Amino acid sequence: MATVFLTGATGFVGGAILARLLSDARVEQVVLLVRSRDSDHADERVIEALGRFDVRSPGAGRVVVVRGSLNELVLPREILGRLTHVVHAAAHTSFRSVRTARETNVEGTRSLARALVGAAKLERFLFVGTAYRLGVVDVGLVQEDMRSSDQHVAEYTRTKAEAEVLLEESSRLPLVIARPSIVVGHTRLGVKPSASLFWYYRALAKAGISPFSDVQRRDIVPVDWAAEASVHLLLKRSLARVRYHISAGEGSSETWAVIRNRFAELGQASPAHERVQVAALSGHPAWTVAGFQPWTVGAIAECARFSQLPYGAFSNERILAEGVEPPPRFTTYIETCLASSDRTVDEQARDDV
């Protein structure tokens with residue numbers, strides 16, 4: 001039976017992983033690192049995180065909370081001695097921050113690695129990174145072992161790439177790296193857990209402008225599938241590789257034209273479409289016509305920087321070879337996401353701003 005230490009449980013991907021772990025009979029207990037004012041606040045944050053994924057009662061003793069932060073982490077000796085698995089899903093995902101991204105994503109990871117020294121029963125350390133750690137590289141389909149660039153479009157991806165190198169070169173942890181691509185929505189719950197990045201594609205379709213050509217692919221996966229794949233990598237006895245994309249790949253990624261047309265079929269897209277260069281995107285009059293707030297337009301411009309990367313899909317052959325089923329295409333659950341959208345685009349954008 002596994003005792004799992006999980007960081008990032010109150011986030012979108014981390015929360016989905018927590019829900020998946022609690023549904024697994026192989027997991028005896030999940031220990032959570034939670035930032036909080038006090039014990040009651042910590043419990044409230046965990047209950048809220050579970051509630052977003054319709055988990056009402058985790059069962060007596062199955063969840064233990066350790067209050068604290070990554071950068072000052074000291075695990076109680078009793079817990080450290082019982083840990084068999086670790087999932088490091090905590091991250092600062094803002095595209096704008098530099099200092100905080102580095103403190104959390106690099107130094108926080110370094111602190112966690114140090115805190116796990118002495119975990120004698122540890123069988124696997126799953127680091128949840130990002131497929132975009134590759135940076136600016138002129139390639140069509142991204143493979144896991146490609147060397148990352150020094151040039152990035154966001155500090156988030158740069159620091160996640162650095163954290164990977166830190167773990168691979170400086171720690172003796174039983175490391176496996178999971179790299180999600182673009183995580184959007186949930187196949188059953190839609191955007192109830194979070195509207196993260198769904199609002200972006202919804203806004204582009206509604207306004208009738210985008211930074212994409214019709215043939216550019218978007219590698220989008222639902223959070224429940226990403227959690228399933230991550231837990232599979234965590235608990236499978238033997239793995240063939242160290243690095244894995246948690247991605248749609250060539251088989252399930254879709255072009256912007258296909259995605260936009262699906263929004264149109266559901267009555268959620270402008271009949272016109274114009275491709276706009278990223279530099280001119282924020283000043284386009286279509287945003288005023290659509291009625292979006294300035295903070296939403298600013299966030300769209302930040303997200304659009306990723307459209308400048310030459311690649312649009314990440315190979316998922318490795319994760320499929322480990323026995324994980326292919327992910328559903330985004331267009332198969334867009335309707336579910338829209339049906340659960342009880343907020344405006346501007347309100348949903350707050351999930352990422």
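Please refer to the structure higher up on the page.
No experiment lies behind these values; they were computed from the predicted model shown.

Reading the values: rules and limits
- Residues numbered from 1 in each chain as written.
- Predicted model: local features only at pLDDT ≥ 70, side-chain atom pairs only at ≥ 80, totals over all residues.
- Heavy atoms only, no water.
- Helix = DSSP H or I, 4+ residues; strand = E, 2+ residues; numbered from the N terminus.
- Rg over C-alpha atoms; globule rule 2.2 N^0.38 Å.
- Lys, Arg positive; Asp, Glu negative; His and termini not counted.
- Charge placed at Lys NZ, Arg CZ, Asp CG, Glu CD.
- Core = buried A, V, L, I, M, F, W, Y, C linked by side-chain atoms within 4.5 Å.
- Buried < 20%, exposed > 50% of the residue type's maximum accessible area, 1.4 Å probe, protein only.
- Contact = heavy atoms within 4.5 Å.
- Salt bridge = Lys/Arg side-chain N within 4 Å of Asp/Glu carboxyl O.
- Pairing = 2+ DSSP bridges.
- Axes fitted to C-alpha atoms, helices over the stretch in contact; angles between N-to-C directions.

1. Describing the overall build of the protein
Link 1 in the chain: In terms of helices and strands, the protein carries 15 helices and 15 strands.
Link 2 in the chain: Whereas a compact globule of 353 residues would reach a radius of gyration of roughly 20 Å, the protein reaches 20 Å, a difference of no more than 12%.
Link 3 in the chain: Dimensions of the protein, computed from C-alpha atoms along their principal axes, come out at roughly 60 × 40 × 40 Å.
Link 4 in the chain: Considering the protein, the positive charge centre built from 42 side chains and the negative charge centre built from 40 side chains are found 3 Å apart.

2. A look at the nonpolar core
Among soluble globular proteins, nonpolar side chains are generally buried collectively.
Link 1 in the chain: Residues V184, Y200, Y201, F263, W287 and F330 are the most contacted members of the largest nonpolar core, which totals 49 residues.
Link 2 in the chain: Among the elements that line this core, the one with the most residues is helix α6 (residues 198-207), at 8 residues.
Link 3 in the chain: Not counting residues within four places of it along the chain, the set of residues in contact with V184 comprises S196, L197, F198, Y201, I220, V221, P222, V223, F330 and Y333.
Link 4 in the chain: Core analysis: the next-biggest nonpolar cluster, separate from the first, contains 44 residues, A2, V176, A226 and L233 among them.

3. So, unusual backbone geometry
Link 1 in the chain: With a phi close to 60°, D54 is a non-glycine residue in the positive phi region.
Link 2 in the chain: Secondary-structure assignment places D54 in the loop between α2 (39-51) and β3 (63-67).
Link 3 in the chain: Phi angles above zero are rare outside glycine, and L197 is one such case at about 65°.
Link 4 in the chain: You can see L197 is positioned in the loop between β8 (182-183) and α6.

4. Focus on the pattern of salt bridges
Link 1 in the chain: With the rule as written, the count across this model stands at 23 salt bridges.
Link 2 in the chain: Of the charged contacts, one joins E162 and R102 as a salt bridge, the two residues approaching to 2.6 Å between their closest N and O atoms. Separated by 60 residues along the polypeptide, E162 in helix α5 (residues 155-170) and R102 in helix α4 (residues 99-115) bring together distant segments of the chain.
Link 3 in the chain: Look at R102 and you get partly exposed, because its relative accessible area is 29%.
Link 4 in the chain: Across the pair R318 and E144 runs a salt bridge whose closest N-O atoms are separated by 3.9 Å. Separated by 174 residues along the polypeptide, R318 in helix α13 (residues 317-321) and E144 in the loop between β6 (141-142) and α5 bring together distant segments of the chain.

5. Some details on helix α1 (residues 12-22)
Link 1 in the chain: With 10 of its 11 residues buried, α1 lies for the most part within the structure.
Link 2 in the chain: Of all the positions in α1, only F12, G14, G15, A16, I17, L18, A19, R20, L21 and L22 are classed as buried.

6. Focus: the sheet that holds strand β4 (residues 85-88)
Picture the strands of a sheet paired through backbone hydrogen bonds; they go either parallel or antiparallel.
Link 1 in the chain: Read across the open sheet, the 7 strands follow the order β3-β2-β1-β4-β5-β7-β12; overall the sheet is parallel. Either end of the sheet is taken by a strand with one partner, and the two such strands are β3 and β12 (243-246). Pairs of neighbouring strands in the sheet enclose a mean axial angle of 20°, with direction left out of account.
Link 2 in the chain: Relative to β12, strand β7 (residues 175-180) is paired through 4 bridges, and the arrangement is parallel. Residue I177 lies in a different strand from β12, and its bridge partner there is R243.
Link 3 in the chain: This element, α2, spans β2 (27-34) and β3 of the sheet and lies at about 130° to β3.

7. Overview of α6
Link 1 in the chain: Taken across its 10 residues, α6 has 9 buried, putting it largely inside the fold.
Link 2 in the chain: Along α6, the residues that are buried comprise F198, W199, Y200, Y201, R202, A203, L204, A205 and A207.
Link 3 in the chain: Two residues or fewer past α6, G208 is found with a positive phi of approximately 80°.

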